[in-house]
Amino acid sequence: MAHGQMRVLLVDRLAGAVTRVARVAGLAVRLATATRMGPTDLYAALATARFMAAHELIERTADAVQDDDEVDVVHLSQPLWFGGTTLFEEK
């Protein structure tokens, strides 16, 4: 891959990430204005989403490694947009 292609790919991914962040922000604004949800309600919804995402990540990982005896999970963490919390780390 040429250097110019790499830059274009990086700009394209950055634009996609900005678009996704804008959609999430727009959704938060719509929820706050259309449903009479206050700041504490939105905070509670986001906190619940974070824990539900952790639960989903644990379930998907368990399902993915269940049938493969050669795979060991040594580290499992949430993405940064959910707090970057380490859920499991082998010591």
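Residues numbered from 1 in each chain as written. Predicted model: local features only at pLDDT ≥ 70, side-chain atom pairs only at ≥ 80, totals over all residues. Heavy atoms only, no water.

J.: Before we go on, may I ask you to explain the overall build of the protein chain in this structure?
T.: Summing up its helical and strand segments, the protein chain has 2 helices and 2 strands in all. Starting at the N terminus and walking to the C terminus, you meet the elements of the protein chain as α-α-β-β. Radius of gyration (C-alpha) of the protein chain: 18 Å, far over the 12 Å computed for a compact globule of 91 residues. Seen through its C-alpha atoms, the protein chain measures out along the principal axes to roughly 50 × 40 × 25 Å. Relative to its 91 residues, the protein chain shows a buried fraction of 5%. Put simply, 24% of the contacts in the protein chain that link residues at least 6 apart link residues at least 24 apart. Counting only carbon and sulfur atoms, one obtains 62% of the accessible surface of the protein chain, whose full area is about 7900 Å². Between the centroid of the 9 positive side chains of the protein chain and the centroid of its 12 negative side chains there is a distance of 19 Å. (Helix = DSSP H or I, 4+ residues; strand = E, 2+ residues; numbered from the N terminus. Rg over C-alpha atoms; globule rule 2.2 N^0.38 Å. Buried < 20%, exposed > 50% of the residue type's maximum accessible area, 1.4 Å probe, protein only. Contact = heavy atoms within 4.5 Å. Areas by Shrake-Rupley, 256 points an atom, 1.4 Å probe, with all protein chains shown as cover. Lys, Arg positive; Asp, Glu negative; His and termini not counted. Charge placed at Lys NZ, Arg CZ, Asp CG, Glu CD.)

J.: For this particular structure, what's the right way to read the side chain of Thr61?
T.: Structurally, Thr61 can be placed in helix H2 (residues 39-65). Among all residues touching Thr61, those that are not within four sequence positions of it are Val73 and Leu76.

J.: When you look at the confidence of the model for the protein chain in this model, what are you seeing that I'm missing?
T.: Do not read the predicted coordinates in detail wherever pLDDT is low. On average, residues of the protein chain carry a pLDDT of 77, and 90% of them reach 70 or more. When mean pLDDT is compared element by element in the protein chain, H2 scores highest at 80, while strand S2 (residues 86-89) scores lowest at 75. (pLDDT = per-residue confidence, 0-100.)

J.: So what exactly am I meant to see when it comes to the pattern of salt bridges here?
T.: Once their charged atoms are close, side chains differing in charge can pair, the charge on each being opposite to the other. Within this structure, the stated rule accounts for 1 salt bridge. Residues Glu56 and Arg60 are paired through a salt bridge, measuring 3.1 Å at the closest nitrogen-oxygen approach. One end of the pair is Glu56 and the other is Arg60, both in helix H2 and 4 residues apart, which spans about a single turn. When its relative accessible area of 58% is taken as the criterion, Arg60 is described as exposed. (Salt bridge = Lys/Arg side-chain N within 4 Å of Asp/Glu carboxyl O.)

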